[in-house]
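Single-letter residue listing:
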Amino acid sequence: MKLCPNFKTLETNYLFADIAHRVNAYQAAHPDAPVIRLGIGDVTLPLAPMVVEALREASAEQGVKETFHGYGDEQGYGFLQSAIVDYYASRGVALAQNEVFISDGAKSDLGNILDIFSKDNTVLIPDPVYPVYVDTNRMDGRPIVFADANEGNGFLPLPDPAVHADIIYICSPNNPTGAAYDRAGLQAWVDYALEHEAVILYDAAYECFITDPSLPRSIFELPGAKQCAIEFCSFSKMAGFTGTRCGYTVVPEALANGEARRMWLRRQTTKFNGVPYIVQRGAEAVFTEQGQREIHEALAYYQQNAAVLANTLTELGIWYTGGKNSPYLWLKCPNGMESWAFFDYLLENANLVGTPGAGFGRNGANFFRLTAFGDQAKTAEAAGRLRRLLG
Ligand SMILES: *Cc1c(COP(=O)(O)O)cnc(C)c1O
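(A) Structural detail: the packing of helix H10 (residues 289-316) against helix H12 (residues 376-390). Contact pair H10 / H12: the axes reach a minimum separation of 10 Å and the direction vectors enclose 5°. As far as their axial angle goes, H12 and H10 are roughly parallel. Each of Tyr301, Gln304, Asn305, Val308, Leu309, Thr312, Glu315 and Leu316 in H10 lies in contact with H12, whose residues at this interface are Gln376, Thr379, Ala380, Ala383, Leu386, Arg387 and Leu390. Of the residues in the contact of H10 with H12, the class split is eight nonpolar, five polar and two charged.

(B) Region of interest: the site of the ligand. Inspection of the region around the ligand gives 14 residues, with Asp203, Tyr206, Ser234, Ser236 and Lys237 positioned closest. Residue Lys237 places a side-chain N or O atom 3.3 Å away from an oxygen atom belonging to the ligand. Against a free-state accessible area of 390 Å², the protein chains account for coverage of 93% of the ligand. Mapped by element, the contributors of at least two residues to the shell around the ligand are helix H4 (106-112) and helix H7 (235-239). Among the residues making up the shell around the ligand, the classes are represented as six nonpolar, four polar and four charged.

(C) Representation of the pattern of salt bridges within the structure. A complete count under the given rule lists 16 salt bridges for this structure. Among the ionic pairs, Glu315 bridges to Arg387, the shortest N-O distance being 2.9 Å. Here Arg387 lies in helix H12 and Glu315 lies in helix H10, a separation of 72 residues in the sequence. By relative accessible area, which is 56% here, Glu315 ends up exposed. Classification of Arg387 by relative accessible area gives partly exposed; the value is 34%. One network of salt bridges, with partners in common, ties together Arg91, Glu207 and Arg217.

(D) Expanded view of the packing of aromatic side chains. By the definition in use, this model includes 27 aromatic pairs. Geometrically, the ring pair formed by Phe79 and Tyr277 is edge-to-face, given 6.1 Å between the ring centres and 90° between the ring planes. Residue Phe79 is located in helix H3 (residues 78-89), and its partner Tyr277 is located in helix H9 (residues 277-286); the two are separated by 198 residues in the primary sequence. Seen from their ring centres, Tyr87 and Tyr88 are 6.4 Å apart, and the 90° between their planes marks the pair as edge-to-face. The same class applies to Tyr87 as to Tyr88, namely buried. Grouping aromatic residues by their ring pairs yields a cluster made of Tyr87, Tyr88, Phe235, Phe241, Tyr248 and Phe287. Note that Arg91 overlies the ring of Tyr88, its terminal NZ or CZ placed 4.9 Å from the centroid. The side chain of Arg281 reaches across the aromatic face of Phe79, ending 3.6 Å from its centre.

(E) Quick peek at the sheet that holds strand E12 (residues 355-356). Strands sit in the order E9-E10-E13-E12 across an open sheet of four strands; the sheet is antiparallel. Each edge of the open sheet carries a strand with a single partner, namely strand E9 (320-322) and E12. Sheet analysis places E9 next to strand E10 (residues 328-332), joined by three bridges and oriented antiparallel. Within E10, the position partnered with Thr321 by the bridge is Trp330. Against the sheet, H10 touches E9, E10 and strand E13 (367-371), its axis set at about 15° to E10. Each of E10, E12 and E13 touches helix H11 (residues 339-350); the most contacted strand, E13, lies at about 50° to it.

(F) Examining the packing of H11 against H12 more closely. At their nearest, the axes of H11 and H12 sit 11 Å apart, and the two run at 105° to each other. For the element pair H11 / H12, the angle class is roughly perpendicular. Contact with H11, carried on its side by Phe342, Tyr345, Leu346, Asn349 and Ala350, involves Arg385, Leu386, Leu389 and Leu390 of H12 and no other residues of that element. Here the residues of the contact of H11 with H12 sort into seven nonpolar, one polar and one charged.

(G) Highlighting the side chain of Glu207. Here Glu207 shows up in the loop between strand E6 (199-203) and strand E7 (229-234). Using a relative accessible area of 3% as the deciding quantity, one classes Glu207 as buried. Residues within four places of Glu207 in sequence aside, it is in contact with Tyr87, Arg91, Pro173, Arg217 and Met238.

(H) Layout of H11. End to end, H11 covers 16 Å across 12 residues, agreeing with the expected 16 Å (1.5 Å per residue, within 8%). Considered for burial, the residues of H11 that qualify are Ser339, Trp340, Phe342, Phe343, Leu346, Leu347 and Ala350. The buried residues of H11 occupy one face: seen down the axis, they fall within an arc of 160°. Next to the buried residues of H11 lie helix H1 (15-29), E10, strand E11 (352-353), E12, E13 and H12. By the N-cap criterion, in which a side-chain oxygen at the helix start approaches the backbone nitrogen of a residue two or three places on, H11 is capped by Glu338, the distance to Trp340 being 2.8 Å. Downstream of H11 by one or two residues, Asn351 has phi in the positive range, about 55°.

(I) Structural context of the nonpolar core. If you look at the biggest cluster of nonpolar residues, it comprises 64 residues, and the most contacted ones within it are Ile168, Ile200, Phe235 and Tyr248. Not counting chain neighbours up to four residues away, the residues in contact with Phe235 comprise Leu80, Ile84, Gly240, Phe241, Cys246, Gly247, Tyr248, Ala283, Val286 and Phe287. Counting residues in hydrophobic clusters, the runner-up holds 35 residues, among them Leu316, Leu347, Ala350 and Phe360.

(J) Looking closely at the sheet that holds strand E4 (residues 144-148). Judged by pairing direction, the sheet is mixed, and its seven strands sit side by side in the order E2-E8-E7-E6-E5-E3-E4 without closing on themselves. The open sheet terminates on both sides in strands that have one partner only, identified here as strand E2 (100-103) and E4. Averaged over all neighbouring strand pairs, the angle between strand axes comes to 25°, with direction disregarded. Here strand E3 (residues 123-127) runs beside E4; their pairing, made up of five bridges, is parallel. For Asp127, the partnering residue across the bridge sits in E4 and is Asp148. Here helix H6 (residues 183-196) sits on the sheet in contact with E3, strand E5 (167-171) and E6, set at roughly 170° to E5.

The rules behind the values
- Residues numbered from 1 in each chain as written.
- Predicted model: local features only at pLDDT ≥ 70, side-chain atom pairs only at ≥ 80, totals over all residues.
- Heavy atoms only, no water.
- Axes fitted to C-alpha atoms, helices over the stretch in contact; angles between N-to-C directions.
- Helix = DSSP H or I, 4+ residues; strand = E, 2+ residues; numbered from the N terminus.
- Parallel < 35°, antiparallel > 145°, perpendicular 65-115°, else oblique.
- Contact = heavy atoms within 4.5 Å.
- Nonpolar A, V, L, I, M, F, W, Y, C, P; charged D, E, K, R; others polar.
- Near = heavy atom within 4 Å.
- Polar contact = N/O pair within 3.5 Å; in protein donor to acceptor, adjacent residues only side chain to side chain.
- Areas by Shrake-Rupley, 256 points an atom, 1.4 Å probe, with all protein chains shown as cover.
- Salt bridge = Lys/Arg side-chain N within 4 Å of Asp/Glu carboxyl O.
- Buried < 20%, exposed > 50% of the residue type's maximum accessible area, 1.4 Å probe, protein only.
- Phe/Tyr/Trp six-rings, centres within 6.5 Å; stacked < 30°, edge-to-face > 60°.
- Lys NZ or Arg CZ within 6 Å of the ring centre and 35° of its normal.
- Pairing = 2+ DSSP bridges.
- Expected span 1.5 Å × (residues − 1).
- Arc of directions from axis to C-beta.
- Core = buried A, V, L, I, M, F, W, Y, C linked by side-chain atoms within 4.5 Å.

This is the structure in structure tokens:
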């Protein structure tokens, strides 16, 4: 046999291992240092009580012959698809139930969707970026062009008509930059995709952090998007499902005359056997009135952290994106510092841990990511330390 040679083209991603290594070394030398981590990309609040109750009830059903569920439909149970259709309808987007596919999370679908696209497509990926988009395409050997996201464009690059691409990745609100496209910016990408007969793979994992009503929460709010986009969503950041696992992907019938939707259905029925019944009942509870109230309490907790950090950076006169409509803040390292140098500086002088921008691409070299997923008291303490160190 021959192993797939494309894996040799992957860059080893040492980012989180490097961070852990540096933090552990520092803690070993300074065992009493009160280190605060603002680098976590995982939620920290527990599941909503409504969700836990639904999980418990569904578990009990699985223990009774009359209510036991074996294999379900690969694309998900109708009860959850229909709750998602209603969720979109409340924002003015009409979907058919068979355009909604339930999965075990956005990351799997973002990788798996590539099965339905030819390997000779050119892929356009913004830099800095969530590393999954780059690595999944490298594994398949597709050519990649990068779109520069930088201070000049507020980390929201617009299409360059001179560059052709077939598959375009957009993540908005963005991880790592926290920047979110407005309608005009996103429409420019939709128009470009239609013109180039390209597809946009739209990662909306953070849509629930959008509070500004003028910003689109789904790409399908824009005219023409159903002809050129697939949307990936997740319960992970919305409702704390990072360890429970559930997401959904919308493949519109209008894309490639229904062929993309049918191919994705075929792909899923061949290689996937569905999300656990219990988990889908938990996800369904997110969309009940009580469930929505509860998840918005948790979201407000993180948004409060984001606001505290954002106000601190504003006071300090530090340039940043995000903090509003996103749990991430992406700041320009002071005095032209390189992101790893700033990482060490913060760790040593304020006992704060963040994520160096260099880990997300070339354009992150002088930037730094902070997250709002931490504890509220610790985040406030971290903000005070930032003020003292950088003020
Ligand atoms: C967290 C995250 C996801 C969600 O991934 P899951 O597999 O659903 O947990 C997707 N995209 C981005 C950019 C993320 O940061």
